[in-house]
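Tertiary structure, described
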Amino acid sequence: MPKVSFEHITKTYGNVPVLKDLNLAIDDGDFLVLLGPSGCGKTTLLNLLAGLIDVTDGRIMIGDRDVTDVDPKDRGLAMVFQSYALYPTKTVYGNLKFGLSASKLPKDEVERRIAWAAKLLQIEPLLNRKPAHLSGGQRQRVAIGRALVKNVGVFLFDEPLSNLDAKLRTETRLEIKKLHDTLKTTIVYVTHDQIEAMTMATKIAVMNGGVIQQFGTPDEIYERPANLFVAGFIGSPAMNLRKVKLSIANGKTEAVFGSGVRFDLSDYRFATAPQDGAEVILGLRPEHFLVGAGTAADSAATFEVPVQYAERTGPDASAYFVLENDLLALRVEPAVAAGLKPGQVVPVRYLKGKAHLFDAQTGQRM
Amino acid sequence: MSDLTIAQKMLGGEVAVRSAPYFPRKKKRITGRSIAIIIFLSICAIFFCVPLYVVIITSFKTMEQIREGAMFSLPNVWTLEAWDHAWNSACSGINCNGLKVGFWNSVQILFPSLILSIGISMITGYALALWNVRWAGGFLFLLFICAFVPFQIIMFPLISMTAAIKVYGNVWGVAIVHAVLAMPVLTLIFRNYYKDIPQEIMSAAVMDSGSFWKIFVEIILPMSGNILIVVLILQITSIWNDYLIGVTFGGMGSQPMTVNLANLITISTGTTRYNDNMAAALQTAIPPLVIYFFVGKLFVQGITAGAIKG
């Protein structure tokens, strides 16, 4: 099970740079999710690894092998495509078999692998059908099967779940995760869906504008977003980001809102030394708010804010308040949400030690 | 309703369906506009049918009746004499072996020409559409320009080229020239058809196999059914009906049926044997017609395939 690394990758189309001096390395057995909005270069990166497009500059390593100029079929990869890309004129069996056509395997080994993959994915009854006669979920399994039979160390997934309905997506997500646990292969998975990323990945690379914004475990990405982009991209509802002023007086560090509310930052671990009076961005996660007044001991700040509206999303509920002419999103208990009337002014408090601070100029975490 | 059993009535389904309100559609009335359209279409049909009628009945008449001059009258005696004569013993130049010689020559020309022209342009189109070919755009443009070059302009160079590779004057010469001349249009047709194949299927194939020929034979060729039928009909018709390439490159031994027919009709001595001529013309025209009858339906499907993505 090889590790995969990108070294100083640059990709330009004509004069348009898509990726700029990108470096990324993952370990053997990692489940890497490339996460980012449309056009961030994540699919380009995956296609570079697959060899479907050529790098402009840089080096791609799989294991100890430099595969930058190696043919796609010789890279030891298997890929699952967004549209499944099954061969329409071949049966499921034919599709799986064609997946092995580059490797000159003996006939019984081909049969053995097809049988193994079909059993693992429970597509045995479908082997003689054409893709047109399969449902979306079945096509997805066949596409995964076609990758599995190759028995390679690295699997690539290009938004494989985006064509499935919500229920099937959750099921398939679990199955891919299970497959990764069973086979212990390295997986590179592209998606724009943060839930897929958070649930499946062992490592996430958040990308934007052709640059990796942050690379880390799902927990690291969520708990300590490296910059404003990551902070705003991960989490639903998104993190509340507010411009505040730092105030350091009498050994106490506080963030001062425009309205005068003081936010206690005494337990914040600054990576860079804070400056008194500096403008910073304060990030507040919706789930770290509590409705109701608290004490200075357990809350960093208490806001008196009017309710805009509350919505229930199944097991959870979100409530939106107006703070300084902007919406403040909170995750609340459904029972609490039911009691909130639009226009009603209620105290909400933010838990201690859960704040995020970003430099207003550079957007980097402080 | 009375024949329903109690069990059926209890099920209720059928009763409900039968008693559902019925909305009769208004019948379409014949309007002045539709009459005008019918008259116009009838005139168009007559325009094509009358000459065809004359050709067919004349071919079954005897020369005696033709000399009487009543062009539209049915044959007094239906006879296949003219058909037999045209097929077996009509004279083309000094050879009086009939059209059958030309027919077999045409068949011999047809198959190599078809295979060569379709094969070459299919693979070229596949390469241009689905593989990264350097200068593909420029090459396509060049092909596009070539489609407008009249054959007559390049006839002499082609004669010396085919002579140089020793195929001038036989079936292969004709086949090669057909393939060369058909290439621009056919390549564009195939290229545009293959361009609609999803990129991801090609990417998957490249990762699975990576072999140009294997992908073509196993994945792309089975997906080309529709367009193959279109091109096949286009090519069969144009190769069968071709005269100029056949007369120029066929030499004496392998002139196609059309050349035979022309020789037979442009005979300058004696009386014109209209019945023979008509029979010969029909014999030459029938093979492409047969093809149309058999695959015409598929042809329409093929032409509209890809117009709307399914």
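Cut-offs used in this document
- Residues numbered from 1 in each chain as written.
- Chains lettered and ligands numbered in written order.
- Predicted model: local features only at pLDDT ≥ 70, side-chain atom pairs only at ≥ 80, totals over all residues.
- Heavy atoms only, no water.
- Helix = DSSP H or I, 4+ residues; strand = E, 2+ residues; numbered from the N terminus.
- Buried < 20%, exposed > 50% of the residue type's maximum accessible area, 1.4 Å probe, protein only.
- Areas by Shrake-Rupley, 256 points an atom, 1.4 Å probe, with all protein chains shown as cover.
- Pairing = 2+ DSSP bridges.
- Axes fitted to C-alpha atoms, helices over the stretch in contact; angles between N-to-C directions.
- Contact = heavy atoms within 4.5 Å.
- Buried area = accessible area lost by both parts, 1.4 Å probe.
- Salt bridge = Lys/Arg side-chain N within 4 Å of Asp/Glu carboxyl O.
- Polar contact = N/O pair within 3.5 Å; in protein donor to acceptor, adjacent residues only side chain to side chain.
- Nonpolar A, V, L, I, M, F, W, Y, C, P; charged D, E, K, R; others polar.
- Domains from an automatic or database assignment.
- Core = buried A, V, L, I, M, F, W, Y, C linked by side-chain atoms within 4.5 Å.

Now for the overall build of chain B. Counting secondary structure elements, chain B contains 15 helices and zero strands. Counting only residues that meet the buried cut, chain B has 39% of its 310 residues in that class. Summed over its atoms, the accessible surface of chain B is roughly 18,800 Å², and 71% of this surface lies on carbon and sulfur atoms.

We now examine the sheet that holds strand β11 (residues 240-249) of chain A. Residue and element names in this part refer to chain A. Here we have five strands laid out as an open sheet, ordered β13-β12-β11-β14-β20, and antiparallel in their pairing. Each end of this open sheet is capped by a strand with a single partner; those strands are β13 (262-264) and β20 (356-359). Taken over all neighbouring pairs, the strand axes of this sheet differ in orientation by 40° on average, direction set aside. Note: strand β14 (residues 279-284) against β20, four bridges, orientation antiparallel. Looking across to β20, one finds that Val280 is bridged to Asp359.

Before going further, it helps to examine the interface of chain B and chain A. The extent of an interface is frequently quoted as the accessible surface area lost upon association of the parts. Contact residues are listed per partner, giving 16 residues for chain B and 23 residues for chain A. Across the chain B/chain A interface, buried area totals approximately 1,700 Å², and carbon plus sulfur atoms make up 64% of it. Looking at the side of chain B facing chain A, the largest losses of area belong to Glu200, Met207 and Asp208 of chain B, adding up to 45% of the total buried there. At the junction of chain B and chain A, the tally comes to three salt bridges. The partner of Lys90 of chain A in a salt bridge is Glu218 of chain B, with the nearest N and O atoms 2.8 Å apart. The tally of links from chain B across to chain A stands at six residue pairs in polar contact (both at pLDDT 80 or more). Listing elements by their share of the side of chain B that touches chain A, those giving two or more residues are α10 (199-208) and α11 (212-220) of chain B. No other element matches the eight residues that α10 of chain B contributes to the side of chain B that touches chain A. Tallied by class, residues from the side of chain B that touches chain A come to nine nonpolar, three polar and four charged.

Let's shift gears to the domain arrangement of chain B. Residue and element names in this part refer to chain B. Segmenting chain B into domains produces domain 1 (32-79) and domain 2 (100-304). Its C-alpha centre places domain 1 at a distance of 34 Å from the equivalent point of domain 2. Every contact between the two is made by eight residues of domain 1 and, on the other side, seven residues of domain 2. A per-residue breakdown of the area domain 1 buries against domain 2 is headed by Val55, Ser59 and Met63, which together make up 61% of the total. In this structure, the connection of domain 1 to domain 2 is made through zero salt bridges. Between domain 1 and domain 2 we count one residue pair in polar contact (both at pLDDT 80 or more) in total.

Before going further, it helps to examine the environment of Ala301 of chain A. Residue and element names in this part refer to chain A. Along the chain, Ala301 falls in strand β16 (residues 299-312). When its relative accessible area of 5% is taken as the criterion, Ala301 is described as buried. When the C-alpha atoms of Ala301 and Leu328 are compared, they prove to be 14 Å apart, with 27 residues separating the residues in sequence. Apart from residues lying up to four places away in sequence, Ala301 is in contact with Val261, Arg262, Phe263, Val348, Arg349 and Tyr350.

The next subject is the nonpolar core. Membership of the largest hydrophobic core comes to 86 residues, with the highest contact counts inside it found for Tyr194 and Ile220 of chain B. The element best represented in this core is helix α6 (residues 100-130) of chain B, accounting for ten residues. Aside from chain neighbours lying at most four places away, what touches Ile220 of chain B is Tyr126, Leu130, Tyr194, Ile197, Met202 and Ile215 of chain B. Listed in part, the 43 residues of the second largest apolar core include Leu121, Leu127, Leu164 and Ile221 of chain A.

To continue, consider the domain arrangement of chain A. All names here are of chain A. Along its sequence, chain A is carved into domain 1 (4-233) and domain 2 (240-359). Computed from C-alpha coordinates alone, the two centres of domain 1 and domain 2 are separated by 39 Å. Domain 1 puts eight residues into the contact, and the matching count from domain 2 is seven residues. Between domain 1 and domain 2, a total of about 710 Å² is buried, with carbon and sulfur atoms accounting for 56% of that surface. Taken together, domain 1 and domain 2 are joined by zero salt bridges. The interface formed by domain 1 and domain 2 contains two residue pairs in polar contact (both at pLDDT 80 or more). Looking at the side of domain 1 that touches domain 2 residue by residue, the class counts come to five nonpolar, one polar and two charged.

This part takes up the side chain of Gln194 of chain A. All names here are of chain A. Here Gln194 is to be found in helix α6 (residues 194-200). A polar atom in the side chain of Gln194 sits 3.2 Å from the backbone oxygen of Phe233. If we ignore the near neighbours within four places in the chain, the residues touching Gln194 are Leu35, Phe233, Ile234, Gly235 and Ser236.

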